[in-house]
Amino acid sequence: MGHHWYFGCFPKFSLLSILFLPLKSLRFDGYGFSSVLPFLLYIYTSCFSFNFSIPSSIMNPIEINPEQDKVHDADQKIIPNGGWRAGQDGDVEAGKSSENKEDSDSTEVNKTPDSDVAKEADHQINCNGHNKYIPTSKAQVPLPKPEPPKPKMERSQSLSIAESMPLIGKYIRDRSSSFSAAIMNRLSSLKEGSGDFVLKNDSLNFEVTEFKISGVKVIVKLKSEEERLEDQIRGRITLFTKSNCEHSIAARQFFKEKGLRYVEINIDVFTKSGNELMERTASCEVPQIFFNDSLIGGLATLKSLSESGELHEKMKELLGPKCPEEAPKVPVYGINDEEDKEDELVGVVRFLRQSLPIQDRLIKMKMVKSCFAGPDVVEAINNHLDCGRRKGIATAKMMAQKHFIHHVFGENDFENGYHYYRFLEHEPFIMGCFNFRSSTNDNEPKPASFIADRLSKLMFSIVEMDGYVSDDRLHVDYFRISKSEEFRRYIKLTRDLQRINLQLFTPNERLAFFLNLYNAMVIHAVISIGHPEGILDNKAFFLDFQYVIGGYPHSLSIIENGILRNNRKSPFSLTKPFSKEDRRLHLVPMRVNPLIHFGLCKGTRSSPKLRFFTAHNVEDELISAAKDYFQSEGIKIDRELRTVYLTRIIKWFSQDFGGQEKEILEWVLNYLEGRNAKLLKTMLGDGDLITIVYQDYDWSGNL
């Protein structure tokens, strides 16, 4: 039972002054928090002169049921002082129940968030780790029955750390500000000749300096003259180039060594840019350099400005302003700037595709798919063009010569009689060709010489472009090539090969064309199907990767062994690539040139380096390729053992090099230089036995 207390004789104090009295200013030495509660209650009740009883349980904390007065989780939010607030109406707030919102005068220590006292008291309560609050007494009528505050969640160690993070962040900000100020003060003191400045290396021409700040070592690297110049350039350097041009390569290297950014426009790749160059300079000579819209000149002018020291001043003057619209236009990638013209026969061909009775037929004991009869073609053409039979046959022959249609067995182009034909898109091989896209190219076939020249220029631009191929051309970045504009334009060019007339090539044009096409197809094959890693992969790589060229399929093996090697058997093959009736035999040269083996890059580590050739100089370029290959890795000579170590390429194609070992060595001697040439010549002159050992071939990719 509690004790009866009466405080009617004590003077009244201001209620607000008691409620907001800073608890930390009251000192009750030797007493616990619950021991001083009667004193606080005494002061509180003395203001109203009430009679009330203090229960005996006031000396102990009241245990609160954690399930008591629980607010729904969806309506609760944590507020910064660790209490709870209703999510909708804000009625439950720091120990105030939504049902008893009118009890706003209940005693709460942490009720005033704007007061420093309340903040300190709230901090002390939150950091205790227990649910301690001020217990209430059973008041007499008419006071409402007070309710205890809501229990605060028990803080874990990690939460306490999270609560202290704002203080840590403030500390870090203060320290970083102080540190930054110290650095700035020290930097400013360097201009005043401070003794803390220490020159690290005079040979660097003050590019790197070192100084100390209160035990902290700071190293500042000053910008070089080129870097400071780069900061002042807001304009654009434009470089017009061509493929396979020594001066263009030198100009590109000049800017690379100077560390200057520029926009290169290869007029062999972006053909319309050549017209713009002609309009601006009245010439197609390259390289031509523009600073913004001002023409500087060629490579000689650029070097002259650099040697006289006027280049930087010229760049500051002309490249300081932002690049104007009058400057040369940057070519747009992904846009085809070459105009294609539809074939004059395409109207007739489209009509025949829709009107002819195309079906499978049994011909000469063979099932031939998707074919039609010759008389049906002539009749359909006569009806469509309203012409006579003679013109109908001539039109059908023209369609066959342009490879719109083929005889099902390749017996003729087109003859008057009962023969069977089919469209190029219905040939059995067409779906396996990587330059075919759901339909054939119906544009007017471009001249063979134009396609050959365009192919070589695109490939030269790829090997010359920085980052695509290594300087020694032994390593190729196929991924970067696959994303390039040059390769995209090459893929488009391959569609023009479908109906090209290969009979119009000169011998040198044919040789250069197929050498370049082989190396380009290897790049395309690696990008499309990957490097070969075994016997089965070699078959897929060299036999199954095909283009339709001039109406017929051509694989890498067909190009190498059927065309370039004069229809000879490939290694480990029992048959020749072309039969006697094959309509591709007209592409076979009169003789075999063994030098072709040093111009074909098969995408392997033991292959010759990646090269492309020009029609007018292909023989000299092949000789240079052979000498370069033997100079690097194609041959090793041990005079004491009288042994010559040769590339395995010569063993595989020994027939092309003479067949007999002595003939092979005599042929090789023609392309050796320096020490190896003297050694082999001496050994051949001795007449003694010479042993040939063929080196292992590395089939791994030339990445």
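Residues numbered from 1 in each chain as written. Predicted model: local features only at pLDDT ≥ 70, side-chain atom pairs only at ≥ 80, totals over all residues. Heavy atoms only, no water.

The protein chain has the name DEP domain-containing protein in an unreviewed UniProt entry, where Gossypium tomentosum is given as its organism.

Asks: Describe the overall build of the protein chain, listing the residues and the values that go with them.
Replies: Of the regular secondary structure elements, the protein chain holds 23 helices and 20 strands. In the protein chain, buried positions account for 41% of the 703 residues. In the protein chain, the proportion of contacts linking residues at least 24 apart, taken out of those at least 6 apart, comes to 66%. (Helix = DSSP H or I, 4+ residues; strand = E, 2+ residues; numbered from the N terminus. Buried < 20%, exposed > 50% of the residue type's maximum accessible area, 1.4 Å probe, protein only. Contact = heavy atoms within 4.5 Å.)

Asks: Tell me what's going on with helix α10 (residues 311–319), and back it up with residues and numbers.
Replies: Those residues of α10 not exposed but buried are Leu311, Met315, Leu318 and Leu319. Viewed along the axis of α10, the buried residues span an arc of 85 degrees, placing them on a single side of the element. More than 90 degrees from the buried face of α10, the exposed residues found are Glu313 and Glu317. (Arc of directions from axis to C-beta.)

Asks: Account for the sheet that holds strand β20 (residues 691–694), naming residues and giving values.
Replies: An order of β18-β19-β20 is seen for the 3 strands of this open sheet, with the pairing classed as mixed. Two strands in the sheet have a free side with no partner beyond their single neighbour: β18 (635–638) and β20. When strand polarity is set aside, the average angle formed by the axes of neighbouring strands in this sheet is 20 degrees. When strand β19 (residues 643–646) meets β20, the two strands line up parallel, connected through 4 bridges. From the neighbouring strand, Val644 faces β20, where its bridge partner is Ile692. Each of β18, β19 and β20 touches helix α22 (residues 661–669); the most contacted strand, β19, lies at about 70 degrees to it. The strands that helix α23 (residues 674–686) touches are β18 and β19; relative to β18, the one it contacts most, it runs at about 55 degrees. (Pairing = 2+ DSSP bridges. Axes fitted to C-alpha atoms, helices over the stretch in contact; angles between N-to-C directions.)

Asks: Could you give an account of the nonpolar core, with specific residues and numbers?
Replies: Within the largest apolar cluster, 86 residues are counted, with the highest numbers of intra-cluster contacts made by Tyr490, Leu517 and Leu646. Here this core takes 13 residues from helix α17 (residues 507–529), the largest share from any one element. Inspection of this core shows a minimum of three residues originating in each of domain 3 (448–623) and domain 4 (628–694). Not counting residues within four places of it along the chain, the set of residues in contact with Leu646 comprises Gly634, Ile635, Ile664, Leu665, Val668, Ile692, Val693, Tyr694 and Gln695. (Core = buried A, V, L, I, M, F, W, Y, C linked by side-chain atoms within 4.5 Å. Domains from an automatic or database assignment.)

Asks: Kindly report on the pattern of salt bridges, identifying the contributing residues and their values.
Replies: Applying the stated criterion to the full structure yields 30 salt bridges. In this structure, Glu342 and Arg350 form a salt bridge, with 2.9 Å as the shortest nitrogen-oxygen distance. Between Asp628 and Arg611 there is a salt bridge, with its nearest N and O atoms 3.2 Å apart. With Asp628 in helix α20 (residues 618–634) and Arg611 in the loop between α19 (556–564) and α20, this pair connects stretches of sequence that are 17 residues apart. Overall, the relative accessible area of 27% leaves Asp628 in the partly exposed class. (Salt bridge = Lys/Arg side-chain N within 4 Å of Asp/Glu carboxyl O.)

Asks: Summarise the packing of aromatic side chains; cite the residues concerned and give the values.
Replies: Any pair of aromatic rings gets described here by the distance separating the centres and the angle formed by the planes. If you walk through the whole model with that rule in mind, you get 25 aromatic pairs. Aromatic side chains Phe240 and Phe290 sit 5.8 Å apart centroid to centroid with 70 degrees between the ring planes, which places their arrangement in the edge-to-face category. On the criterion of sequence distance, the pair formed by Phe240 in strand β8 (residues 237–241) and Phe290 in strand β10 (residues 288–291) is long-range, its members being 50 residues apart. Across this residue pair, the class does not change: Phe240 and Phe290 are buried. (Phe/Tyr/Trp six-rings, centres within 6.5 Å; stacked < 30°, edge-to-face > 60°.)

Asks: Tell me about the packing of helix α14 (residues 448–464) against α17, and please be specific about residues and values.
Replies: Their axes nearest at 10 Å, the elements α14 and α17 cross at an angle of 45 degrees. For the element pair α14 / α17, the angle class is oblique. Crossing of α14 over α17 shows left-handed handedness. Packed against α14, whose contacting residues are Ser449, Ala452, Leu455, Ser456 and Met459, the element α17 presents Glu509, Phe513, Asn516, Leu517 and Ala520 at the interface. Residue composition of the contact of α14 with α17, grouped by class: 6 nonpolar, 3 polar and 1 charged. (Parallel < 35°, antiparallel > 145°, perpendicular 65-115°, else oblique. Left-handed = near helix turned anticlockwise from the far one by under 90°. Nonpolar A, V, L, I, M, F, W, Y, C, P; charged D, E, K, R; others polar.)

Asks: Can you explain the confidence of the model for the protein chain? Please cite residues and give values.
Replies: For the protein chain, mean pLDDT is 78; residues scoring 70 or higher make up 67% of the total. Taken as a whole, residues 1–36 scores under 50 in pLDDT and shows 46 contacts with residues more than four places along the chain or in a different chain. Taken as a whole, residues 194–206 scores under 50 in pLDDT and shows 16 contacts with residues more than four places along the chain or in a different chain. (pLDDT = per-residue confidence, 0-100.)

Asks: Break down the packing of helix α16 (residues 485–494) against α17 for me, citing the residues and quoting the values.
Replies: Their axes nearest at 12 Å, the elements α16 and α17 cross at an angle of 110 degrees. Relative to α17, the element α16 lies roughly perpendicular. Only Leu517, Ala520, Met521, Ile523, His524 and Ile527 of α17 make contact with α16, whose side of the interface consists of Phe487, Tyr490 and Ile491. Class assignment of the residues belonging to the contact of α16 with α17 gives a composition of 8 nonpolar, 1 polar and no charged.

Asks: Residue-level account of unusual backbone geometry, with values.
Replies: A cis amide bond links Val286 with the next residue in sequence, Pro287, at an omega value of 0 degrees. You can see Pro287 is positioned in the loop between α8 (271–281) and β10. Look at Ala282: it is not a glycine, yet its phi comes out positive at around 60 degrees. Relative to the helices and strands, Ala282 resides in the loop between α8 and β10. A positive phi angle, near 55 degrees, is found at Asn567, a position not held by glycine. Within the secondary structure layout, Asn567 lies in the loop between α19 and α20.

Asks: Describe the environment of Ala380, and please don't skip the residues or the numbers.
Replies: On the secondary structure map, Ala380 appears in helix α12 (residues 374–385). Distance in space between the C-alpha atoms of Ala380 and Leu352 is 6.9 Å, their sequence separation being 28 residues.

Asks: Help me get a handle on the sheet that holds strand β9 (residues 263–266), residues and values and all.
Replies: Spatial strand order, β9-β8-β10-β11: 4 strands in an open sheet with mixed pairing. At either margin of the open sheet sits one strand with a lone partner, and together these are β9 and β11 (294–297). Taken pair by pair, the neighbouring strands of this sheet meet at an average axis angle of 25 degrees, ignoring direction. Bridge count for β8 against β9 is 4 bridges, and the pairing is parallel. Bridge pairing links Thr238 to Val263 in β9.

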